[in-house]
Amino acid sequence: MLFCGLQKTTLLDYPEHVAATVFLGGCNFRCPYCQNSDLLLDPASYAAYTKQDILSYLQKRKNILTGVCITGGEPTIYHDLPDFLAEVKELDYLVKLDSNGSNPFMLQTLYEQKLIDYVAMDIKSGPSDYLKVAGLTDPADHSTSYAFSDEMLARIRESVYFLMHETDEKRFTYEFRTTVVRELHSADTFREIGDWIKGAKRYFLQSYKESEQVLCPGFSAYSRMELEKFIEILKPNIPSVALRGVD
Ligand code: SF4
């Protein structure tokens, strides 16, 4: 497990909690608008902490922090994620997991073992162009084992179904979220997503922001007014849909 970053305190990452955020390196997707290209392309060179460093910090801050966010990269690529989260849970933290939803078996395992309390899952696009938007269709890229494969889309659908229909909202929260990119998403995208995740409890649209770390520079954002039009498309199927972090 590559521990590439630790944000020691955040009020933003875990709703209603003061949390720390742990960044794990590596991802099985190659979303071209990814803001964490350093964690994708050469994660080993960014491994800055050991597991013990992270656990020691969490032990020390037990009286101040209530939550831990596990993000990446894609945390579920690590088979030893349950072992790490079990140690975090022993410290009595609530755990939020950010995931691209590519490993429904891991999500189910973590849920059943009560190692996660909240999952924020990306919805990259509607099913018809999901693999393209997740960067899994480039024949030159052999770094992702699911390139060209519809198996990945089936896994994403399984994760969506599991979160929506097989979790207990009395003890567990999920959200879906989409980073909206002008060159990759359109009104049709949100018609498709609205049909797909109809009835989702929480769904947020976030605006793309250009940064130095973006994997393939050159994308752009929609205006707030344009994003609000997408919200109107989604509302009949997902009444709670909202913008997040949009200026
Ligand atoms: S944005 Fe895409 S490529 Fe980047 S970490 Fe998330 S899933 Fe992986």
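Shown above is the structure to which this text applies.
This section reports on the structure supplied with the text. Values in this document were obtained by computation on a predicted structure and should not be read as measured data. (Residues numbered from 1 in each chain as written. Predicted model: local features only at pLDDT ≥ 70, side-chain atom pairs only at ≥ 80, totals over all residues. Heavy atoms only, no water.)

**Quick word on helix α4 (residues 104–112)**
So, step 1. In terms of residue burial, α4 counts as a mostly covered element, since 7 of its 9 residues are buried.
So, step 2. Within the sequence span of α4, burial applies to Pro104, Met106, Leu107, Gln108, Thr109, Leu110 and Tyr111.
So, step 3. Those residues of α4 hidden inside the fold are in contact with α3 (81–90), β4 (94–99), β5 (118–122) and α6 (150–165). (Buried < 20%, exposed > 50% of the residue type's maximum accessible area, 1.4 Å probe, protein only. Helix = DSSP H or I, 4+ residues; strand = E, 2+ residues; numbered from the N terminus. Contact = heavy atoms within 4.5 Å.)

**Description of the pattern of salt bridges**
Side-chain pairs of opposite charge can arise where the charged atoms are in close proximity.
So, step 1. Per the counting criterion, the structure on display carries 12 salt bridges.
So, step 2. Between Glu87 and Lys51 there is a salt bridge, with the nearest N and O atoms lying 2.5 Å from each other. With Glu87 in helix α3 and Lys51 in helix α2 (residues 51–60), this residue pair connects regions lying 36 residues apart in the sequence.
So, step 3. For Lys51, a relative accessible area of 32% puts it in the partly exposed group.
So, step 4. One salt bridge connects Asp188 with Arg191, and the closest N-O pair in it is separated by 2.5 Å. One end of the pair is Asp188 and the other is Arg191, both in helix α7 (residues 187–196) and 3 residues apart, which spans about a single turn.
So, step 5. Salt bridges sharing partners connect three or more residues here, namely Lys96, Asp98, Asp122, Lys124 and Arg177. (Salt bridge = Lys/Arg side-chain N within 4 Å of Asp/Glu carboxyl O.)

**Digging into the packing of aromatic side chains**
So, step 1. Here the structure, examined in full by the defined rule, presents 9 aromatic pairs.
So, step 2. Both rings, one in Tyr111 and one in Phe172, keep their centres 5.1 Å apart while their planes meet at 85 degrees; by these two values the pair is edge-to-face. Here the residue Tyr111 occupies a position in helix α4, and Phe172 occupies one in the loop between α6 and β6 (173–180), the gap between them amounting to 61 residues.
So, step 3. Aromatic pair Tyr130 and Trp196: ring centres 5.9 Å apart, planes at 80 degrees, arrangement edge-to-face. Taken together, the residues Tyr130 in helix α5 (residues 130–133) and Trp196 in helix α7 connect sequence positions 66 residues apart. Each member of the pair, Tyr130 together with Trp196, is buried.
So, step 4. Joined through ring pairs, the aromatic side chains of Tyr111, Phe162 and Phe172 make up one cluster. (Phe/Tyr/Trp six-rings, centres within 6.5 Å; stacked < 30°, edge-to-face > 60°.)

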